[in-house]
Amino acid sequence: MGITAHAQQPFVQYHTSDVYKAASLQNWYIKPDFQDNIFIANNEGVLKYDGTKWDMFALPNKDIIMSMAPDTLGNIYVGTNSDLGYFRKDSTGQYKYHSLLDQVPAPYNNSSIYLIAVYKNAIFFQTDDFILRYEDKKFYPIDISNQGLVKVQSRLYLVRHNEMLLYKEGKFEHEDFSDELNKISIRWIDAYGISSLIILDQQQQLWTLDITPGANGKLKLFPNELKSHARGQDFTVLRALDNGMIAISSDEEIVFMNGDGNITSTLDVTALGDFVTPGILFKDMQRNLWISSNNALIQIIASSPLTFYDKRNGLQNQIVSLGKSGSDLYVGTASDLYYKNTPDTFIPIQKGGCSNFLNIGEHLYAAHNTGVYELKGSKAIQIVSHTEAYVLSKIRNHTDRMIMGAVDGLFLLRKEKEVWKKNQIKGFDDIGFFLAEDEDGYLWSSHRQKGIYKILLNEEMDEVISVSFYDKRHGLPSNLNNRIYQLNSSVVVTTTDGLYRYNKAKDRFEPDSKTHTLLDNFCIYSVAESAEGDIYFWGAKPGQQETAGVFKSQHDGTYKVYFTPFNKVAIPIRDLRIGVRAPILITGPEDVFIGNELRLLHYNPSQKTFYDDPVYTSIHNVWAKDSLIYTGNQNSHQPAIAYRNNSLKFDFSSSFYEDAEKTVYQHKLEGFENEWSDWSSSREAAYTNIPGGTYTFLVRSKNIYDVISAPAVFTFTIQFPWYQKWWAYVLYFILLTVIIWTIIYYYTQQIRLQKKLLQRLVNEKTKDLIAKNQEILNKNEEISMQAESLENLNLTKDKIFSIISHDLRGPIHQVQQMLNLLEYTFITEGDFKSVLPDLKESVRYTVSLTDNLLHWARNQMEGVKVKPSAFDIHEIIEENFRLFRPLATRKNIVLTNTFENHADVYADKDMIKLVIRNLVNNAIKFTDTTGRVEMGAHIKEKYIMVYITDTGKGIRKEDVSKILQKETFSTTGTQGERGVGLGLSLCQEFIEKNSGQLYIESELTKGSKFSFTIPISA
């Protein structure tokens, strides 16, 4: 059985007088225009609200504006006690008043205008005794008494106390159904549905009137609860809402009634402020209501399916549990147990915190901090006394038993002869606030900071047989925030990553297959399932917000997740909380209750909503430097802006009034920055130093329900500076042509002069070549003789090397054999001493032979002579580091010397200098800007390994082979530096002449490492 959600409160928003800055507290009329701006007739003038800011424009004589209506062209028509006319924006964007009084014929020009209506192209100014129709800039008086005008679709009706007249072709005519109205006296009337009216009469009765042509039995009594609810109140104003609800106001309250005539919620007018005037009750374009008080304009969010109860309904402290029995609703808070005794009031029926409710059959039980209570109406009857009872759980197939979890453990409660008895269940005392039994008879208990327990009791239910513990090691996403819930017949766990279910076969927890993919990193705190299969939850996205949501059941057995209605009550958070209590109770298809800290939310899933309605964004002002170039009312022309004013600022807003401070905006300037900006609450955008060209500024908004508006657009042109105009480019071309011609002419003359000089030089050189040719002929004979001599010398060298190799082999083999005998102990120490003289003589001979060989090789060398000496290699490296540091700096290359030790080597100092200089020069040459070159050395036992590494472009493998085979070739550096191809060949020769070895390691695009060895000085 569902609970009728009577008398909860709709959400309201206050716009106080210190915000809209009107000293007068009297507001007479509230009306939206067709761009969703709100206009209010105030004693001081007309207030305008665009969802962001308030403006005020007054009459020149400061007269009180009693009536007002905006038309579709941006005009605001107003009426006072002594004047009538309209406001219109001028070229500066300011509203200027235009009086029409001098056009009104006498004697109709001295009456108060209390109502204005816009219908098609006509404006109707109403008084008690006549109507002035203003059309085509002319007034047409209609002498007729009236109570007002009402529009239904494309028809306009005039209302009198007991009849209605239809407007046709400049006059009001009697309608057939008007005779039916003779039986009632009309208090208020409004359009209701497509072709009906809803009428409030003087006796507080509601009627519906079908105005469809040809309909029978048009006037019908509308059954409702208003008269029984009135309690002496006089309801005077009625508004039919687009969601099917009806709002009716008195001086004390506003009641909201559904299409069945049931009052679903009420709003205590006296609680909204002093001197609230509910008679001024108007509906905006977003289907919400506005009323006025002595210091505020109040917006009532009538379009939302969310309402609430709070302390004004009697509830105090945090709501931690919800329960129902039949049509009775109960709320447990941290301090009291409450019963809903009237449609709008909760009363405490038991002092102390109530953390859980349990239904067994038609009985409802409450876990309370003084024990367990059975609830019957407004009475709480204690059945068991106990300190800090946390939670109750059913036992399958037993209506006379239940399990109680308390601060000191588990207890079995058993009903015997109408008396409940308790017995402690031994073996488990780590109780949390959540407990449920599964279909296999296991008890599941959760601890929000540890994990989940599976408990098996013995048949007598007085002892725990086994306890299994589950945490992250068993599939749960975290050890925190795990809660056990019973969804219809199954047990689920709410976790930091959505819903999880127990897999009996694997003995571990797994994500719920139907809902898990719908949420990403979303913690669920509480959950409940409706009879229709929809799963409601309260949860949180870390670092964003806590909110409610619903997994909506689909026909194919899948779910879709919805958050939109609950964005209204979302709570911003930094991180996940632990102690969240957000109970959910579903009592019928139109009633979902959610505990929301100090409020009890009510959600009606069946109520019609308008979240898909378009949202509008407007650009109000555009500044170019300090000049205002657009005020929102100009035609859609494309302004041309001088280049000197190429910095623009845009002012914009959304006309979505509900929680307007939470509306965010996104903008871009096509042609300048083509990507949308991040969402921001800022309502301004600025762009500076915009180049010449045509651009389009776009801005869109997103409201609290995540509805994104179509972009508002402003297109403009930045004029090019003079030096970028077409004639400037023509001058540039002419100037460039002259310069090129001059350069070509100059170089042509230079080439001619050089050609003459070159011819003269060629002639001189020809003479020299003839003389040289003869000299060469003379030398040929000498060269032939030298070649013969060299051939003989090579034969001598080969013979000598043959002799040397033979002479060296014998002594070396002798030494090797002697070492082998010693190694394998085939010779005694005495024997070794006996042959030692001969071995020593053999070694001396070998050394002598080697020395002779070196002297011979030195004598055979011609050209460069090696002059080795001992020197500190650190000085040579440091010298070259300082030498090349300026060159590296010029190429923005980091050159480092990592060798800090001093070590003497023996080599030709000049040759080693040349080698290092060539290698460092090559490293810098082939390294890109911002690269690195490192100089260093490693000290080994008998030599020093000097290296130069770089992050340059590297060397191909085939080129490395060419270098090591002493083939010469040349490549260009990273900045076009050229070489002759002899450096590396010479380095290799000099290294080898100084008893060293060259090594190359390289990888294309990553760099190279050149290293060589130098003997350490003895």
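In the block above lies the structure referred to throughout.
As the structure is a computational prediction, the values presented were derived from the model and not from experiment. (Residues numbered from 1 in each chain as written. Predicted model: local features only at pLDDT ≥ 70, side-chain atom pairs only at ≥ 80, totals over all residues. Heavy atoms only, no water.)

**Description of the overall build of the protein**
Definition in use: Secondary structure elements follow DSSP: runs of H or I no shorter than four residues count as helices, runs of E no shorter than two count as strands, and numbering proceeds from the N terminus. Exposure classes here rest on a 1.4 Å probe applied to the protein chains alone. A residue is buried below 20% of its type maximum, exposed above 50%, and partly exposed in between. Contact definition: two residues touch when any of their heavy atoms are within 4.5 Å. The accessible surface values rely on the Shrake-Rupley method and a 1.4 Å probe; as for residues, cover is taken only from the protein chains in view. By the counting rule applied here, Lys and Arg register as positive and Asp and Glu as negative, while His and the ends of each chain are not counted. Charge positions come from single atoms, namely NZ of Lys, CZ of Arg, CG of Asp or CD of Glu.
Each helix and strand counted, the protein has 8 helices and 73 strands in total. Dimensions along the principal axes, computed over C-alpha positions, put the protein at roughly 150 × 100 × 50 Å. Buried positions account for 48% of the 1018 residues belonging to the protein. The contacts of the protein with a sequence gap of at least 6 include a subset with a gap of at least 24, amounting to 53%. Accessible surface, the protein as shown: approximately 52,400 Å² in total, 51% of it carbon and sulfur. Here the protein contributes 108 positive and 121 negative side-chain charges, whose respective centroids are spaced 5 Å apart.

**Details of the packing of aromatic side chains**
Condition: Any two rings among Phe, Tyr and Trp, with Trp reduced to its six-membered ring, count as a pair given centres within 6.5 Å; such a pair is stacked if its planes are under 30 degrees apart, edge-to-face if over 60, and tilted if neither. In this scheme, the term charge over a ring applies when either NZ of a lysine or CZ of an arginine sits within 6 Å of the ring centre and within 35 degrees of the ring normal.
Applying the stated criterion to the full structure yields 60 aromatic pairs. Taking the centre distance of 6.2 Å and the plane angle of 70 degrees together, the rings of Tyr-77 and Phe-125 count as edge-to-face. Taken together, the positions of Tyr-77 in strand E8 (residues 76-79) and Phe-125 in strand E12 (residues 122-126) put the pair 48 residues apart, joining distant regions of the chain. Of the two residues, Tyr-77 and Phe-125, neither departs from the other in class, the shared state being buried. Centre to centre, the rings of Tyr-611 and Tyr-705 are 4.6 Å apart; their planes meet at 50 degrees, and the pair counts as tilted. One end of the pair, Tyr-611, is in the loop between strand E58 (599-603) and strand E59 (617-624); the other, Tyr-705, is in the loop between strand E65 (693-702) and strand E66 (712-718), with 94 residues separating them in the sequence. For the pair Tyr-611 and Tyr-705, a shared accessibility class is recorded, and that class is buried. Three or more aromatic residues link up through ring pairs in this structure, and these residues are Tyr-630, Phe-650, Phe-652, Tyr-665, Phe-672, Tyr-687, Tyr-695, Phe-697, Phe-714 and Phe-716. The ring of Phe-411 has Lys-422 lying over it, and the distance from NZ or CZ to the ring centre is 5.7 Å. Here the basic side chain of Lys-1009 rests over the ring of Tyr-947, its NZ or CZ set 5.1 Å away from the ring centre.

**Comments concerning the sheet that holds strand E43 (residues 434-437)**
To keep things clear, this is the line we draw: DSSP bridges decide pairing: two strands pair if at least two such bridges lie between them. With axes taken as lines fitted to C-alpha atoms, and helix axes fitted only over the stretch in contact, angles between N-to-C directions fall between 0 and 180 degrees.
Ordered in space as E43-E44-E45-E46, the 4 strands form an open sheet in which the pairing is antiparallel. Two strands lie at the open edges of the sheet, namely E43 and strand E46 (464-470), each paired on one side alone. Along the sheet, successive strands turn relative to each other by an average axial angle of 20 degrees, direction set aside. As judged from the 4 bridges shared by E43 and strand E44 (residues 443-447), these two strands associate in the antiparallel manner. Residue pairing for E44: Leu-435 is matched across the bridge by Ser-445.

**Details of the pattern of salt bridges**
If the charged atoms of two oppositely charged side chains come close together, the side chains can form a pair. Put simply, the test is: When a carboxyl oxygen of Asp or Glu is within 4 Å of a side-chain nitrogen of Lys or Arg, the pair counts as a salt bridge.
For the structure on display, the rule yields 30 salt bridges. Of the charged contacts, one joins Lys-450 and Asp-430 as a salt bridge, the two residues approaching to 2.9 Å between their closest N and O atoms. Taken together, the residues span a long stretch of sequence, with Lys-450 in the loop between E44 and strand E45 (451-457) and Asp-430 in the loop between strand E42 (419-425) and E43 at a distance of 20 residues. On the basis of relative accessibility, which here comes to 36%, the residue Lys-450 falls in the partly exposed class. The exposure class of Asp-430 is buried, given its relative accessible area of 19%. Where salt bridges share partners, they join Asp-242, Lys-283, Arg-287 and Asp-613 into one cluster.

**Looking at a negative patch on the surface**
Which entries qualify depends on this criterion: Without a salt bridge and with relative accessible area above 30%, a residue can belong to a patch; like charges are then joined within 9 Å and nonpolar side chains (Val, Leu, Ile, Met, Phe, Trp, Tyr) within 5 Å.
Together, Glu-459, Glu-460, Asp-462 and Glu-463 make up a negatively charged patch on the protein surface. Among the secondary structure elements, Asp-462 is positioned in the loop between E45 and E46.

**Things to note about the pairing of strand E68 (residues 894-897)**
Only one face of E68 is covered, namely the one carrying Leu-895 and Asn-897; the face carrying Val-894 and Thr-896 has none of its residues buried. Relative to strand E70 (residues 932-939), E68 runs parallel, the two being bridged by 4 bridges. In the strand pairing of E70, Leu-895 is matched with Val-933.

**Quick look at the pairing of strand E39 (residues 389-395)**
Counting buried positions along E39 gives 6 out of 7 residues, so the element sits mostly inside the fold. Bridge count between E39 and strand E40 (residues 398-406): 6 bridges; the pairing is antiparallel. Looking at the pairing, Leu-392 lines up with Met-404 of E40. Counted along the chain from E39 to the antiparallel partner E40, the turn is 2 residues long, and its residue Asn-397 has a positive phi close to 65 degrees.

**Thoughts on the side chain of Asp-33**
Applied cut-off: Nitrogen and oxygen atoms within 3.5 Å of one another constitute a polar contact, given that in protein one can donate a hydrogen and the other can accept it, and given that sequence-neighbouring residues count only through two side-chain atoms.
Considering the arrangement of structural elements, one finds Asp-33 in the loop between strand E3 (27-32) and strand E4 (38-42). One buried charged side chain, Asp-33, makes no salt bridge at all; its nearest oppositely charged neighbour is Lys-48, positioned 6.3 Å away. In terms of polar contacts, Asp-33 uses its side chain to reach the backbone amide nitrogen of Asn-37, at 2.8 Å. If we skip the residues at most four places from it in the chain, Asp-33 touches Phe-39, Pro-70 and Met-285.

**Details of the nonpolar core**
Quick reminder of the rule: Put simply, a nonpolar core is a bunch of buried Ala, Val, Leu, Ile, Met, Phe, Trp, Tyr and Cys residues held in one set by side-chain atoms that sit within 4.5 Å of each other.
Core analysis: the biggest nonpolar cluster contains 40 residues, and Ile-873, Ile-916, Val-946 and Phe-1012 have the highest contact counts within it. With residues near it in sequence (within four places) discarded, Ile-873 still touches Phe-899, Ala-903, Val-905, Ile-912, Ile-916, Ile-944, Val-946 and Ile-1014. Within the second largest apolar cluster, 28 residues are counted, among which are Tyr-20, Ala-22, Ile-38 and Met-68.

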